[in-house]
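A look at the structure
Now for the letters of each chain:
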Amino acid sequence: MEPNDELREKVEYYKRMGHQVPKWKYVKTPEQIEGIRASGVINTGVLDYVSERIREGVTTQEIDDWVAEYTEAHDAICAPYHYEGFPKHVCVSINDVVCHGIPSTKRVLKEGDIVNVDVTTIYKGYYADASRMFVIGKTTPENERLIRVCKQCLDLGLEAVKPWGFLGDVGYVIEQHASRNGFKVVRDFGGHGVGIEFHEDPFVYHYGKKNTGCLIVPGMTFTIEPMLNFKKSGVRVSALDGWTVYTKDGLPSAQWEYTVAVFEDHCEILSK
Ligand code: MF3
Ligand code: CO
Ligand code: CO
């Protein structure tokens, strides 16, 4: 982007004051934001398609097939496929899997499972990334609460996104709400800039201090995607597949994700 001089000067001012600021190449033009918005429409469509079909008895491979099917029918691409060697089209993370679960013909969804489906779409070169939680049949009240509080954390994080605010404000409210409710925020993963690449700067922490971290500039597009655990925030990556991330304590984990865009006077969800 060739940002207008006023915007550039304002950002330069914050930088001189010692604040972190986004790289210019990741401050999107209105045209780029429209491209990401169009990708977001398909991304949300994929999640709706999954939500209409997901139920007890389906395999996670079937979810992968639905995601590939819908995406291709809309002339889009599944970003996870072969991304750094990831073997499938979508991440499906069940119970104690925190994120990056790999779909399989062997894993059948059963009553009580809590499932995160994380979809990333590329349309005309633009990326959108969102995930939702699904409950298979009936689960425990504790799991229901974990999922609900995690969603509230995401919505509170979104509310804290203000042009010329800071990403630390977002992390702060997320961690506050999680800990007030007795949950732990996973620290090893976070949100990220998204739009012209899958994972762009800045890293979006789900914990933090007010008025710290990266300046929030109109034109930024990024994800917020808190992961909440019951007792311990610690995670481990499977040695077998190098992808699947589990809670260390074996207890369930929840996650929700939006792609958001920042404008001069407000922010918008581009996919949810
Ligand atoms: N969609 C995930 C995110 O929210 C990233 C998945 S990377 C993959 O950032 F390779 F596992 F797909
Ligand atoms: Co993401
Ligand atoms: Co994602």
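Conventions adopted
Residues numbered from 1 in each chain as written. Chains lettered and ligands numbered in written order. Predicted model: local features only at pLDDT ≥ 70, side-chain atom pairs only at ≥ 80, totals over all residues. Heavy atoms only, no water. Donors = N, O, S within 2.8 Å, 3.2 Å for Na, K, Ca; no water. Tetrahedral: all angles 85-135°; square planar, octahedral: opposite > 155°, others 65-115°. Helix = DSSP H or I, 4+ residues; strand = E, 2+ residues; numbered from the N terminus. Phe/Tyr/Trp six-rings, centres within 6.5 Å; stacked < 30°, edge-to-face > 60°. Buried < 20%, exposed > 50% of the residue type's maximum accessible area, 1.4 Å probe, protein only. Lys NZ or Arg CZ within 6 Å of the ring centre and 35° of its normal. Patch = residues over 30% accessible without salt bridge, like charges linked within 9 Å, V, L, I, M, F, W, Y side chains within 5 Å. Areas by Shrake-Rupley, 256 points an atom, 1.4 Å probe, with all protein chains shown as cover. Salt bridge = Lys/Arg side-chain N within 4 Å of Asp/Glu carboxyl O. Lys, Arg positive; Asp, Glu negative; His and termini not counted. Charge placed at Lys NZ, Arg CZ, Asp CG, Glu CD. Pairing = 2+ DSSP bridges. Axes fitted to C-alpha atoms, helices over the stretch in contact; angles between N-to-C directions. Parallel < 35°, antiparallel > 145°, perpendicular 65-115°, else oblique. Left-handed = near helix turned anticlockwise from the far one by under 90°. Contact = heavy atoms within 4.5 Å. Nonpolar A, V, L, I, M, F, W, Y, C, P; charged D, E, K, R; others polar.

Description of the coordination of the cobalt ion (ligand 3)
In this structure, D118 (OD), D118 (OD), D129 (OD) and E257 (OE) serve as the protein donors to the cobalt ion (ligand 3), at separations of 2.1 to 2.4 Å. Every donor counted, the six donor atoms about the cobalt ion (ligand 3) form angles of 58 to 166° at the centre, which fits irregular coordination. If you list the donors of the cobalt ion (ligand 3) from N- to C-terminus, the spacing comes out as D-x10-D-x127-E. The two metals, the cobalt ion (ligand 3) and the cobalt ion (ligand 2), are separated by 3.2 Å and share D129 as a common coordinating residue. Pair noted here: D118 is in strand 4 (residues 114–123) and E257 is in the loop between strand 13 (253–255) and strand 14 (258–262), with a separation of 139 residues, a long-range link.

Things to note about the packing of aromatic side chains
Scanning the entire structure with this criterion turns up 10 aromatic pairs. Ring centres of Y83 and F198 lie 4.5 Å apart, and the angle between their planes is 50°; this geometry places the pair in the tilted category. In this pair, Y83 sits in the loop between strand 1 (77–78) and strand 2 (91–94) while F198 sits in the loop between strand 7 (191–193) and strand 8 (200–204), placing the two residues 115 residues apart along the sequence. Note on F198: relative accessible area 9%, which makes it buried. Put simply, the rings of Y13, Y14, W164 and F166 pair up and form one aromatic cluster. For K10, the ring lying beneath its charged end belongs to W164, and the centroid distance is 4.2 Å.

Quick notes on the coordination of the cobalt ion (ligand 2)
At 2.0 to 2.2 Å from the cobalt ion (ligand 2) lie its protein donor atoms, namely D129 (OD), H192 (NE2), E225 (OE) and E257 (OE). In this structure, the cobalt ion (ligand 2) is surrounded by six donor atoms whose angles at the metal cover 50 to 164°, and the resulting shape is irregular. All donors of the cobalt ion (ligand 2) belong to a single chain; written as a sequence motif, their spacing is D-x62-H-x32-E-x31-E.

A closer look at a negative patch on the surface
On the surface, a cluster of negative charge is made up of D5, E6, E9, E264 and D265. Its place among the elements puts E9 in helix 1 (residues 5–16).

So, the sheet that holds strand 12 (residues 245–247)
Reading across the sheet, the three strands line up as 3-12-11 and stay open at both edges, with antiparallel pairing between neighbours. A strand with exactly one partner marks an edge of an open sheet, and here the two such strands are strand 3 (97–99) and strand 11 (235–237). Neighbour to neighbour, the strand axes of the sheet diverge by 40° on average, direction disregarded.

A look at the packing of helix 2 (residues 30–53) against helix 3 (residues 60–73)
Interaxial distance between helix 2 and helix 3 falls to 10 Å at its minimum, and their mutual angle equals 140°. By the angle between their directions, the pair helix 2 and helix 3 is classed as oblique. For helix 2 against helix 3, the interelement crossing comes out right-handed. From helix 2, I42, G45, V46, Y49, V50 and R53 reach across to helix 3, where they touch I63, W66, V67, E69, Y70 and T71. Partitioning the contact of helix 2 with helix 3 into residue classes produces eight nonpolar, two polar and two charged.

Focus: the pairing of strand 14
The element strand 14 is extensively covered by neighbouring structure, given that five of its five residues are classed as buried. By the alternation rule, side chains of strand 14 split into Y258, V260 and V262 and T259 and A261, which are all buried. Relative to strand 14, strand 9 (residues 221–224) runs antiparallel, the two being bridged by four bridges. Of the residues in strand 14, the one forming a bridge with T221 is A261. Of the strand pairs in this sheet, strand 14 and strand 15 (residues 267–271) are connected by four bridges, and their pairing is antiparallel.

Overview of the pattern of salt bridges
All chains considered together, the criterion is met by nine salt bridges. Its salt-bridge partner being E200, residue K28 comes within 2.5 Å of it at the nearest N-O pair. Here the residue K28 occupies a position in the loop between helix 1 and helix 2, and E200 occupies one in strand 8, the gap between them amounting to 172 residues. Its relative accessible area of 2% is what places K28 among the buried residues. For E200, a relative accessible area of 3% puts it in the buried group.

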